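# Results of the structural survey
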Amino acid sequence: MNESQHDVLIIGAGGAGLRAAMAVVEANPDLSIGLVSKVYPMRSHTVAAEGGMAAVIKDNDAREHHIYDTISGSDWLADQDAVEMFVDEAPRELIQLEHWGCPWSREDSGHVAVRPFGGMQIERTWYAADKTGFHVLHALFQTSLQFSQITRYDEYFATSLITADGRCQGCVALELRTGELHVLRANAVIICTGGFGRIFPFTTNGSIKTGDGLALAYRAGVALKDMEFVQYHPTGLPGTGILITEASRGEGGILLNNEGRRYLQDYDLGEPLDVHDPRHPQNRAMELGPRDRLSQAFMHEQAAGRTFDGEYGDYVQLDVRHLGEERIDSRIPFVRELASNYAGIDPVVEPIPVRPVVHYTMGGIDTDVHGATTLPGLYAAGECACVSINGANRLGSNSLTELVVFGARAGRHAATAVAGQPLSDGPEIDRQVAAERDRIAELRARPAGGERIAVIRDDLNTAMEAGAGIFRDEASLSACCATLRELEERVARISLDDTSPVYNTELISALEIDGMVDISRALAHAALDRTESRGSHQRTDYAARDDANYLKHSMAYRTDGDPRIDYKDVVITRWPPADRVYGSSAGKDGK
Amino acid sequence: MSDTTIQLEVFRYRPDNGGPTFQSYEVPYHDDWVVLDALNYVKNYIDGSLSFRWSCRMGVCGSCGMQVNGEPALTCAAFVRDHMPGPIRVEPLVNFPVERDLVVDINGFMEKLDHVKPYLVRDDEADDLSAEYLQTPTQLDRYKQFSMCINCMLCYAACPVIGRVDEFIGPAALALAQRYNLDSRDQGKNMRQDVIFQNEGIWECTFVGECSEVCPKHVDPAGAIQQAKLEGAVDYYKRLLTPWARRS
Amino acid sequence: MNRPLDRRLGWTWWTRNGSYFRIFLREATSAFILAEVVLFMLLLHKAGQDAETYLAYRDFLWHPLMVVFHLVALAFALWHTISFFLIAPNALPGQVAGRRIPAAFIIGQQFAGLAAVTLLLFLWVAWVGAT
């Protein structure tokens with residue numbers, strides 16, 4: 001079997017993985033880095049992020065505001081020490097991206113421009129028109145090309161971690177081009193594989209977002225934290241689930257029900273101002289409320305029959321017509337491109353049909369503020385990790401910032417931690433590699449006529465939507481847990497049509513779905529056990545937040561049976577839990 | 001939903017199992033389906049052995065470029081309804097070696113991209129991260145269009161020069177070189193000139209212009225290359241006429 | 001196991017589709033321009049010899065078949081010129097003093113330039129003929 005060795009191995013080459021790789025180089029240029037990715041780096045889903053990236057840079061803003069917006073957005077489930085570090089390091093990281101060529105939109109003075117986003121008291125979102133993620137990813141990837149320390153393993157799929165002597169020491173990876181297995185050894189492994197929105201049927205996430213890294217860590221004994229918190233973005237195109245960025249509301253777009261009413265005023269999100277009022281849009285109010293509250297408001301409107309009836313389910317309207325063609329083309333051109341191409345709607349003359357869509361998974365691999373997990377040598381950063389700065393609901397435009405802040409932190413820490421550690425050798429490693437080879441050989445050798453991957457994926461999607469959607473209760477979650485148990489058995493009976501070793505994408509799908517069912521079980525059980533409502537986790541049978549019992553992170557551990565759910569206290573530094581107030585009554589920093 | 005169907009004729013190639021063939025599949029017709037949806041229907045419910053790349057299905061990751069009825073296209077942006085009544089012939093992008101079915105080898109492009117040094121080069125001794133480099137909207141506008149490339153490779157499939165000269169750096173990579181050369185923050189233009197002005201660089205381009213025609217992001221690589229030619233020619237005559245002036 | 005398949009277009013690339021063919025034809029028009037230049041240089045050469053040689057060559061140029069050839073060459077030259085004008089904006093850097101120049105303006109300027117040069121030539125020929 002092919003074996004290679006590096007000091008640090010990074011799995012996933014999106015925003016977090018690329019930033020981590022360059023952080024290792026910065027910390028110690030003598031280290032060798034292996035960068036493993038199941039797709040070419042520029043295909044990573046960071047590319048699809050649209051609206052922008054938050055950091056305090058303007059004189060009218062302050063670190064306290066960003067911290068407070070993040071913590072209140074999280075419904076007080078974020079760890080406040082982590083949020084403080086995150087906010088403090090964000091400006092430097094964004095300037096670093098600027099120095100690496102990111103084409104930020106500018107003011108006439110030449111300074112970077114900022115725009116408002118949902119849940120913010122002051123506008124602080126840096127943006128590159130409405131293709132921010134695309135520009136950030138390409139700037140990071142192209143910049144990384146100059147570092148010879150980074151060896152890329154493009155189109156390699158990591159199938160399992162290698163652990164020995166209590167440390168993570170590499171991974172086994174399948175090369176798509178040849179179908180061969182490789183043993184990639186390293187003293188530290190950083191998982192940066194992104195979220196797992198693909199366990200749901202209707203999502204903004206690309207096909208690659210299957211949570212592979214979570215499954216790797218979970219199976220190596222690391223806890224998955226706060227898995228029950230899934231963010232629905234309020235404005236996705238019906239049918240395709242294509243995201244219409246929050247920047248469209250930051251620029252002044254409004255949401256209308258089938259009576260033409262700006263219905264958010266009925267959900268404790270403040271009073272609407274006329275769209276031509278210079279104070280519109282108001283920060284932290286109405287259309288610039290937090291994502292969880294906006295998505296929940298849609299569900300109430302739908303139940304009351306005030307949504308539009310469409311081929312792909314009910315929808316409301318996002319109206320940006322009053323912005324005018326010039327502003328739409330300069331600030332949100334991608335919105336126009338996407339709405340025209342995929343909904344046949346020109347937003348200059350017609351409102352855009354939108355509905356809530358699964359967008360982001362707050363939960364992930366449990367890490368500390370350095371990105372380190374409880375397994376020595378194993379790190380995680382980005383959407384696959386849960387530090388947690390996002391708690392029960394992520395603040396819009398914090399996710400891209402999280403990639404670079406915690407990608408860099410994980411890279412730096414891994415670089416210093418690996419020094420002088422010899423890699424283990426011997427039968428334990430051989431045993432793990434052989435077991436992995438056998439697992440994949442067995443999957444490929446199964447006789448035809450077994451379960452079909454797509455059918456299992458459809459059933460998984462249906463179960464997650466029905467059982468663990470925007471609103472949940474004990475009955476729906478219990479049913480979901482039972483279905484997932486059956487799906488786990490059915491996954492073991494999957495058989496493949498494809499017998500070729502070369503670019504066997506069906507084999508990759510089979511390995512992905514195996515992990516997806518595993519982590520979905522952690523999600524469903526964590527949601528069933530959390531008998532309160534907080535942020536994006538809304539239990540109709542437990543409608544109130546319960547700080548006495550649940551100001552805690554859930555920790556899901558893998559067992560041979562159902563996942564074991566444990567809890568860990570939230571770190572509170574200076575912002576004791578309070579009500580989340582949005583609308584005009586909301587004061588600065590909650591005061 | 002209707003009972004209408006459409007036929008796909010899909011290029012199949014398994015390196016371990018004979019030469020290339022076309023295989024036909026009958027898939028349901030939906031007027032809002034793109035060709036990628038039809039391919040996914042095949043893979044999910046008819047034939048799991050069909051191999052192709054895709055991810056974002058919103059025209060920004062650049063994975064799903066293929067030949068649709070002979071023209072290079074992003075299959076996530078090519079609507080089935082525009083090819084009714086069919087059949088729709090789907091092939092891998094031309095000018096690239098085919099590894100399997102609709103999957104091509106793009107490592108050649110990855111190397112060319114590396115060659116043009118697609119990153120900001122600065123003379124500063126150390127990177128001072130206390131403030132951003134200033135850049136006015138006008139300066140941004142100079143290169144913005146060339147920064148929109150998603151590396152989807154449609155332009156390489158459309159370029160007849162790529163089809164004959166393997167070493168030609170090609171439209172996307174040259175446009176990216178021009179993107180950095182035009183960026184007011186960059187100081188690395190001289191480092192890129194060797195690659196851009198070599199025989200396999202801009203001078204290989206005969207301004208067919210098809211790259212700009214097929215570009216889904218309106219990057220206009222042909223324009224970028226002609227601009228570079230013009231600048232190169234002007235530079236050459238300047239140096240010829242003023243041999244005493246030092247090359248900046 | 002990997003056995004990459006070569007599917008490059010090769011030397012018959014210009015037969016692949018209509019737009020490739022038009023580009024090929026456009027490039028081929030330069031052959032007609034070359035021929036006209038050679039004919040013109042021969043004309044100059046003959047003009048330096050005796051009148052009989054010159055007149056014989058002039059009659060050759062006025063032969064109906066040659067006139068057809070000239071018209072074809074003229075059409076191709078015009079086509080080449082116009083298509084060149086139309087793509088020129090792509091080749092020019094887009095900004096002057098920080099403002100984007102509209103493509104129509106660049107194209108218009110070239111046609112205006114062509115018209116001006118043509119007019120001047122006619123006037124000159126007319127003036128030479130008159131004196």
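Moving on to the overall build of chain B. If you tally the helices and strands in chain B, you get nine helices and seven strands. In terms of overall dimensions, chain B has a C-alpha envelope of 75 × 40 × 30 Å along the principal axes. Looking at the 248 residues of chain B, the share that counts as buried comes to 60%. Considering only contacts within chain B whose residues lie at least 6 apart along the sequence, 62% involve residues at least 24 apart. Looking at chain B, you have 24 positive and 35 negative side-chain charges, and the mean spots of the two groups are 4 Å apart.

Attention now moves to the overall build of chain A. In terms of helices and strands, chain A carries 15 helices and 23 strands. Its C-alpha atoms give chain A a radius of gyration of 23 Å, near enough to 25 Å, the size a compact globule of 591 residues would have. By principal-axis analysis of the C-alpha atoms, chain A measures approximately 70 × 50 × 50 Å. The buried share among the 591 residues of chain A stands at 68%. The contacts of chain A with a sequence gap of at least 6 include a subset with a gap of at least 24, amounting to 75%. On chain A, roughly 18,200 Å² of surface is accessible, and the fraction owed to carbon and sulfur atoms is 47%. Charge-centre separation for chain A: the mean point of 58 positive side chains lies 1 Å from the mean point of 86 negative side chains.

With that out of the way, let us pick up the sheet that holds strand S8 (residues 156-164) of chain A. The pairing of strands in a sheet comes from backbone hydrogen bonds and takes either a parallel or an antiparallel form. All names here are of chain A. One open sheet holds the four strands; their spatial order is S1-S10-S9-S8, and the pairing between them is mixed. On the outer flanks of this sheet lie strand S1 (2-5) and S8, each paired with one strand and no other. With strand direction ignored, the average angle separating the axes of adjacent strands in the sheet is 25°. Together, S8, strand S9 (167-175) and strand S10 (181-185) form the strand contacts of helix H11 (residues 427-445), whose direction differs from that of S8 by roughly 145°.

This next bit is on the pairing of strand S22 (residues 552-557) of chain A. Residues and elements named next belong to chain A. Inspection of the sheet shows strand S12 (residues 224-225) paired to S22 by two bridges, in the antiparallel sense. In the strand pairing of S22, Lys225 is matched with Met555. Where S22 meets strand S23 (residues 564-569), six bridges bridge the pair, whose relative direction is antiparallel. By the bridge assignment for S23, Ala556 is matched with Ile565. Taking the residues between adjacent antiparallel strands as the criterion, S22 and S23 are bridged by six residues.

This part covers the domain arrangement of chain B. Often the size quoted for an interface is simply the accessible area lost on bringing the parts together. Residue and element names in this part refer to chain B. Per the domain assignment, the segments making up chain B are domain 1 (5-104) and domain 2 (107-241). Between domain 1 and domain 2, the C-alpha centre-to-centre distance is 30 Å. A combined buried area of about 960 Å² lies between domain 1 and domain 2, and 68% of that area is made up of carbon and sulfur atoms. Viewed at the interface, domain 2 and domain 1 are joined by zero salt bridges. The interface formed by domain 1 and domain 2 includes four residue pairs in polar contact (both at pLDDT 80 or more). Within the residue set of the side of domain 1 that touches domain 2, elements represented by two or more residues are strand S3 (65-68) and strand S4 (71-74).

This part is about the interface of chain A and chain B. Taken residue by residue, the interface counts 70 residues in chain A and 66 residues in chain B. When chain A packs against chain B, close to 5,500 Å² is buried across both sides, 51% of that on carbon and sulfur atoms. Of all residues in chain A, the largest losses of buried area upon contact with chain B belong to Arg43(A), His99(A) and Gln142(A), amounting jointly to 13% of the total for that side. Inspection of the region where chain A meets chain B yields five salt bridges. Here Arg100(B) ties to Asp498(A) by a salt bridge, and the two come within 3.0 Å at their closest N and O atoms. Between the two partners, chain A and chain B, sit 42 residue pairs in polar contact (both at pLDDT 80 or more). Broken down by element, the side of chain A that touches chain B gets its largest block of residues, six residues, from helix H4 (residues 132-144) of chain A. When the residues that make up the side of chain A that touches chain B are grouped by side-chain class, the tally is 26 nonpolar, 24 polar and 20 charged.

Analysis parameters
Residues numbered from 1 in each chain as written. Chains lettered and ligands numbered in written order. Predicted model: local features only at pLDDT ≥ 70, side-chain atom pairs only at ≥ 80, totals over all residues. Heavy atoms only, no water. Helix = DSSP H or I, 4+ residues; strand = E, 2+ residues; numbered from the N terminus. Buried < 20%, exposed > 50% of the residue type's maximum accessible area, 1.4 Å probe, protein only. Contact = heavy atoms within 4.5 Å. Lys, Arg positive; Asp, Glu negative; His and termini not counted. Charge placed at Lys NZ, Arg CZ, Asp CG, Glu CD. Rg over C-alpha atoms; globule rule 2.2 N^0.38 Å. Areas by Shrake-Rupley, 256 points an atom, 1.4 Å probe, with all protein chains shown as cover. Pairing = 2+ DSSP bridges. Axes fitted to C-alpha atoms, helices over the stretch in contact; angles between N-to-C directions. Domains from an automatic or database assignment. Buried area = accessible area lost by both parts, 1.4 Å probe. Salt bridge = Lys/Arg side-chain N within 4 Å of Asp/Glu carboxyl O. Polar contact = N/O pair within 3.5 Å; in protein donor to acceptor, adjacent residues only side chain to side chain. Nonpolar A, V, L, I, M, F, W, Y, C, P; charged D, E, K, R; others polar.

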